[in-house]
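Examining the three-dimensional arrangement
In case you want the letters, here they are:
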Amino acid sequence: MKQAVPVHILSGFLGSGKTTLLTQALDYYKESGRKPAVLMNELGDVNLDGMLVEDDVPMTEMLSGCICCTIRGDLGLELRELVLEHKPDVIFVECTGAANPMEMLDGVTDASLLTELELKSVITVVDAAQLLERHNKGVGKTYRLMQEQIRCATLLILNKSDLVSAVELAELQRVIREWNPVAPVTATVRCQMDITEFDRLDDAAGGDGRLPIRHIAEGSESDNQERSRQASEHDDCGHHACSGHHHEHHDHHVHDDHCSHDVHEARSDNDNAVLHHSHDHVMVYTHYFHGPVDSEQFETLIGKLPANVYRAKGILRFTDTASPFMFQYAYREMDFVKIAPKDELPIVAVFIGEHFSRQRLAAELEALERAAAVQKD
Ligand SMILES: Nc1nc2c(ncn2[C@@H]2O[C@H](COP(=O)(O)OP(=O)(O)OP(=O)(O)O)[C@@H](O)[C@H]2O)c(=O)[nH]1
């Protein structure tokens, strides 16, 4: 009998390390002579993470929306096409950090009706420092989304453990255990884990109860009450209403409608502002640059970003360097890596956060562009 293609969902809040884990997993499969494929979903309209996936890995991009709501209907077809066209040995689905993993899980299992796929794991990458900060506050939609992502996981990677103390790490492990007593938890730095774990996950028989649906459905009474409370608090999209919220497929049309109201094109206030997508409370601002900017001025601007811009990434050209750079920013940590792209790339930066002023950010970036243009003249 033909083997169903194993699928792994990579979940986890923005900037937690999903792509870092993905690239390691892809290398592992390739080195062992197998063919991985990737379906990547981004809130913005450019896939910067996709650049970190090598060209020999078949990849489908679903941009400008979150698979868990606006474009979920396409997921099955995209997965089917990946399988028919590339015949991969394994598929990784990387969700946007704002995705509700239960909806994703629904989407992939629906897709398995169209194609021979088998969902093998939901891996949630947790940003230790972020979880600690949000746990200490103990409230907020992001905190609850992180909670849901942890609850829905079959494997938990407690990443960025270099950014917390040993005592804090132990406390986080205790908290995670409370929310999800079933999934194994591995503390990592840069998602360095025993990557052969994927072989075990791929070989595990389907329907053996290792997928999370069961333990969520069987959660304790108090857990269930808490989850229903959260579900009822949340918006019509139900993004955070993971458990006890297992929709019938037709419900999604209703959700799609609600969600699509959140997506606005915003060319009116700024030429460069191509997409303003509000995914529930999460906002995205994509800025296309007209030319290179000064690297120091850019770093200064990023260093002064308000705390509610918690993630940014981009491809940048600087007036004072020859090669372009891939830029990453996650919760106050900045990273610039030289790249040598084969094709012409846009100069672009994507900013993700909550309730920040896109206008102000756009104006600041434009000021950098103007300063660079004046310098050039
Ligand atoms: N300090 C520290 N940084 C890390 C660690 N793991 C990843 N990073 C950095 O965190 C940033 C985000 O990592 P990604 O792997 O792109 O995170 P992601 O979850 O794919 O991000 P989104 O696609 O935006 O949701 C990058 O700059 C990484 O280099 C870690 O363990 N410690």
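First, a word on what this report is: a plain description of the structure on this page. (Residues numbered from 1 in each chain as written. Predicted model: local features only at pLDDT ≥ 70, side-chain atom pairs only at ≥ 80, totals over all residues.)

1. Focus: the sheet that holds strand E5 (residues 117–127)
As a reminder, the rule being used: Here, strands pair whenever DSSP counts at least two bridges between them. Here a strand is any run of E in DSSP of at least two residues, a helix any run of H or I of at least four, and the numbering for each starts at the N terminus. The axes used here are C-alpha line fits, helices contributing only the stretch in contact, and every angle between their N-to-C directions lies in the interval 0 to 180 degrees.
Read from one edge of the open sheet, seven strands run E3-E2-E4-E1-E5-E6-E7, paired in parallel fashion. A single partner strand is all that each edge strand has here, and the edge strands are strand E3 (59–62) and strand E7 (185–187). Each strand axis lies, on average, 20° off the axis of its neighbour in the sheet, ignoring direction. Pairing of strand E6 (residues 155–159) with E7, which is carried by three bridges, proceeds in the parallel orientation. Its bridge partner lying in E7, Leu156 is registered against Val185.

2. Some details on the nonpolar core
The cut-off we apply is this: In these notes, a nonpolar core means any group of buried Ala, Val, Leu, Ile, Met, Phe, Trp, Tyr and Cys residues linked to one another through C-beta atoms within 7 Å. Any residue whose C-beta has 12 or fewer other C-beta atoms within 10 Å is treated as exposed, any with 20 or more as buried, and any in between as partly exposed, C-beta atoms being built from the backbone. Residue ranges assigned to the domains are those given by an automatic or database domain assignment. Throughout, a pair of residues is in contact if the C-beta atoms placed from their backbones lie within 7 Å.
Grouped together as the largest cluster of nonpolar side chains are 83 residues, with contacts concentrated most on Ile9, Ile91 and Val93. A total of six residues in this core trace back to one element, the largest contributor, which is E5. For this core, the two domains that each supply at least three residues are domain 1 (5–256) and domain 2 (263–376). What Val93 contacts, discounting residues up to four positions off in sequence, is Val7, Ile9, Leu10, Leu39, Met104 and Val108.

3. Let's talk about the site of the ligand
Just so we agree on the cut-off: The criterion for a residue being near a molecule or strand is simple: its C-beta atom, placed using the backbone, must lie within 6 Å of it.
With respect to spatial proximity, 22 residues lie near the ligand, and among them Lys18, Thr19, Thr20, Gly97 and Gln328 are the closest. Among the elements of the structure, helix H1 (18–31), strand E12 (325–330) and strand E13 (333–338) are those that each provide at least two residues to the shell around the ligand. At three residues, the largest contribution of residues to the shell around the ligand is made by H1. Each of domain 1 (5–256) and domain 2 (263–376) accounts for three or more of the residues forming the shell around the ligand.

4. A closer look at the packing of helix H4 (residues 128–137) against helix H5 (residues 141–151)
For any two helices packed against each other, one specifies the crossing angle of their axes together with the interaxial distance. Stated precisely, the cut-off is as follows: Relative orientations are named as follows: roughly parallel for angles under 35 degrees, roughly antiparallel for angles over 145 degrees, roughly perpendicular for angles from 65 to 115 degrees, and oblique for any other angle. Handedness of a crossing is defined here by the sense of rotation of the near helix relative to the far one, left-handed for an anticlockwise turn of less than a right angle and right-handed for a clockwise turn. Three classes are used, and their members are as follows: Ala, Val, Leu, Ile, Met, Phe, Trp, Tyr, Cys and Pro are nonpolar, Asp, Glu, Lys and Arg are charged, and the others, Gly among them, are polar.
It is the contact of H4 with H5, at a shortest axis distance of 9 Å, that shows an interaxial angle of 120°. As summarised for this structure, H4 and H5 are arranged oblique, according to the angle between their axes. Between H4 and H5 lies a crossing whose hand is left-handed. Note on element contacts: H5 touches H4 through Thr142, Tyr143 and Met146, opposite Leu131, Arg134, His135 and Lys137. Across the contact of H4 with H5, the residue classes break down as three nonpolar, two polar and two charged.

5. Here's the deal with unusual backbone geometry
Positive phi is not limited to glycine here, since Lys160 has a value of about 60°. If you trace the backbone, Lys160 turns up in the loop between E6 and helix H6 (166–179). A positive phi angle, near 55°, is found at Cys191, a position not held by glycine. On the neighbour-count criterion, Cys191 (23 C-beta atoms within 10 Å) is buried.

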